[in-house]
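# Descriptive structure summary
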Amino acid sequence: MTEEIREQPKKRMLSGIKPSGDLTLGSYLGAIRNWGARSEEFDCFYFMADLHAITVRQNPADLRRRTLEQLAQYIACGLDPEKNTLFIQSQVPQHAELGWVLNCYAMFGELSRMTQFKDKSAKNADNINGGLFTYPSLMAADILLYQPDYVPVGEDQKQHVELCHTIARRFNGIYGDVFKLPEPYVPKVGARIMSLTNPTAKMSKSENEDTGRVLLMDTPETIMRQFKRAITDSDTENCVHYDKEKKPGVSNLMTIYSACTGKSYAEIEQEFAGCGYGKFKPAVGETVVETLRPIREEAQRIMKDKAYLESVYKEGARRASFVAEKTMRKVYKKVGFIGR
Ligand code: TYM
């Protein structure tokens, strides 16, 4: 492994998810699903972004539980720890170190313009802390430490990857080519899965069940219930048409169906021609149940083996630190710190 990293024979991919809530169908279709199939082609690094999670107040026991569950779910989604470096962000101290340095190269105005900062500040008006504000510098550090070529994310994270470019360009402009500028890699279908009950809002893991989210670990009964009560519109027949503006609820269901089956919107319209929502909604529900069933069963099995999970995250942190430290040394030297 050490030799592989040194030679960098493959292009590199990196991404992470905050364990701030249980993983949803949105996290899966927008992100993890696109990571899984890549390990033959790319040198992949995926992590649990627990440092980011505490920008919103967390219950410590829940955070610990979710971090481990998330690791088990990554593996159950097909990320083989032998072929992918899976790690916990807080166990690789270089993230916090580079995050601080990059804070000094991120401008107040740039950080203030981030949509996620504005949204989260509105939702957590009593806790608009410094971490929430400087979140994008830490995310830039997460990325730049590993010099990846691609960062696979959903639509909502694109702005952060763009700011990462701005920061990296500024730093490189002063000190020479220290950081590689990675491309965001956003899926064509599934980059923005909406809530089933409010299709104008993103399906989010930090909301409760009533907000129309489906979790990776939900039982088939819960999933079917959520899809049956999904908001559509008042059309009754021949209503399965893709129109994001006029029919956001149906279009969201079609996106989910398309992402799970690989069928195009035209094929789906044809399949359900003449049908009402009474037939379409349960059909989407069943497809999701079958997509998630093997993941849920495998994750439950892996969760029971705590020793295995520990061996995975320890080895992951070791491999990640090896790569991260190389970048960190270079950065510290460039900015004028005495080597450690
Ligand atoms: P997070 O934890 O909010 O989301 C994790 C990933 O899932 C995608 N996603 C969605 N995609 C489609 N539809 C949805 N409803 C949906 N909800 C979430 C997100 O776009 C994301 O790709 N800041 C990041 C975590 C992070 C990170 C990084 C990512 C920290 N450092 C470095 C990449 C590289 C976040 O909060 O994602």
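Now for a description of the structure that goes with this document. What you see as residue numbers is a count from 1 along each chain, following the sequence as written. Per-residue local features of the predicted model are confined to residues with pLDDT of at least 70, and side-chain atom pairs are confined, for both listing and counting, to 80 or more; whole-chain, interface and lining totals are unaffected and use all residues. Side-chain numbers come from the whole structure's heavy atoms, not from hydrogens or water.

### Side note on the overall build of the chain
Put simply, DSSP H or I for four residues or longer makes a helix, DSSP E for two residues or longer makes a strand, and each gets a number counted from the N terminus. Of regular secondary structure, the chain possesses 14 helices and 5 strands. Based on the C-alpha atoms only, the size of the chain along its principal axes is roughly 70 × 45 × 40 Å. Counting over 340 residues, the chain shows a buried share of 54%. Within the chain, contacts between residues at least 6 apart in sequence are counted, and of these 77% link residues at least 24 apart. Under the convention used here, a 1.4 Å probe and the Shrake-Rupley method define accessible areas, while residue burial counts only the protein chains that appear. Split by element, the accessible area of the chain, about 15,700 Å² in all, is 51% carbon and sulfur. Relative accessibility under 20% of the residue-type maximum defines a buried residue, over 50% an exposed one, and the middle range a partly exposed one, all with a 1.4 Å probe and only protein chains included. We call two residues contacting when some pair of their heavy atoms lies within 4.5 Å.

### Remarks on the side chain of Gln116
Structurally, Gln116 is set in helix H7 (residues 115–123). Owing to a relative accessible area of 14%, Gln116 belongs among the buried residues under this scheme. Polar contact criterion, stated in full: a pair of N or O atoms within 3.5 Å, where within protein one must be able to donate a hydrogen and the other to accept it, and residues adjacent in sequence count only if both atoms are side-chain atoms. In terms of polar contacts, Gln116 uses its side chain to reach the side chain of Tyr135, at 3.5 Å.

### Some details on the layout of surface pockets
Both cavities and pockets are sets of points on a 1 Å grid over the protein atoms alone; in a cavity a 1.4 Å probe fits but cannot get out, in a pocket the set is open with protein on both sides within 12 Å along at least five of seven lines, and lining residues sit with an atom within 4 Å of a point. Grid points are joined across faces, edges and corners, and a volume is the space filled by probe spheres set on the points. When its volume is computed, the second largest pocket comes out at roughly 360 Å³. What lines the second largest pocket is a set of 17 residues, and nearest its centre among them are Arg192, Met194, Tyr242, Lys244 and Thr255. With 4 residues, helix H11 (residues 248–261) is the largest single contributor of residues to the lining of the second largest pocket. When grouped by side-chain class, the residues that make up the lining of the second largest pocket number 7 nonpolar, 5 polar and 5 charged. Polar here means any residue other than Ala, Val, Leu, Ile, Met, Phe, Trp, Tyr, Cys and Pro, which are nonpolar, and Asp, Glu, Lys and Arg, which are charged; Gly is therefore polar.

### What about the packing of aromatic side chains?
Stacked, edge-to-face and tilted are the three classes for Phe, Tyr and Trp ring pairs, Trp counted by its six-membered ring, which pair at centre distances within 6.5 Å; planes under 30 degrees apart are stacked, over 60 edge-to-face, the rest tilted. This model, assessed by the stated rule, comprises 18 aromatic pairs. Aromatic pair Phe108 and Phe133: ring centres 5.1 Å apart, planes at 50 degrees, arrangement tilted. Here Phe108, found in helix H6 (residues 108–112), pairs with Phe133, found in helix H8 (residues 130–144); they are 25 residues apart in sequence, far enough to count as distant. Ring centres 5.0 Å apart and planes at 70 degrees place the aromatic pair Phe117 and Phe133 in the edge-to-face group. One end of the pair, Phe117, is in helix H7; the other, Phe133, is in helix H8, with 16 residues separating them in the sequence. Here Phe117 and Phe133 have matching classes, each one buried.

### Overview of the side chain of Ser27
One can find Ser27 in helix H2 (residues 25–36). The contact partners of Ser27, leaving out residues within four places of it in the chain, are Ile17, Ile32 and Lys205.

### Here we look at unusual backbone geometry
Although it is not a glycine, Gln147 sits at a positive phi angle of roughly 50 degrees. Relative to the helices and strands, Gln147 resides in the loop between H8 and strand E4 (150–152).

### Examining the site of the ligand
Inspection of the region around the ligand gives 27 residues, with Lys18, Tyr135, Asp142, Asp156 and Lys205 positioned closest. The contact in question runs from a nitrogen atom of the ligand to an N or O atom on the side chain of Asp142, over 2.6 Å. One of the backbone nitrogen or oxygen atoms of Met203 is found 2.9 Å away from a nitrogen atom of the ligand. If the ligand stood free it would expose 710 Å²; the protein chains cover 98% of that surface. A per-class count over the shell around the ligand returns 12 nonpolar, 9 polar and 6 charged. Put simply, a residue is near a molecule or strand once any heavy atom of it comes within 4 Å of that molecule or strand.

### Some points on the pairing of strand E3 (residues 84–88)
Of all 5 residues making up E3, 5 are buried, and the element is well covered by its neighbours. Residues Asn84, Leu86 and Ile88 of E3 are buried on one face, and the alternating residues Thr85 and Phe87, pointing to the opposite face, are buried as well.

### Brief notes about the packing of helix H5 (residues 94–103) against helix H14 (residues 306–335)
Each axis is a line fitted through C-alpha atoms, and for a helix only the stretch in contact is used; angles between axes span 0 to 180 degrees, taken between their N-to-C directions. Across the interface, H5 lies against H14 with an axial gap of 10 Å and an inter-helix angle of 30 degrees. Of the possible angle classes, the one that applies to H5 and H14 is roughly parallel. Crossing geometry of H5 relative to H14 is assigned as left-handed. Here Gln94, Glu97, Leu98 and Val101 of H5 come into contact with H14, specifically with Ser321, Ala324, Glu325, Met328, Val331, Tyr332 and Val335. Roughly parallel here means an angle under 35 degrees, roughly antiparallel means over 145, roughly perpendicular means 65 to 115, and every remaining angle is called oblique. Definitions for this section: a left-handed crossing has its near helix turned counterclockwise from the far helix by less than a right angle. A right-handed crossing has that turn clockwise.

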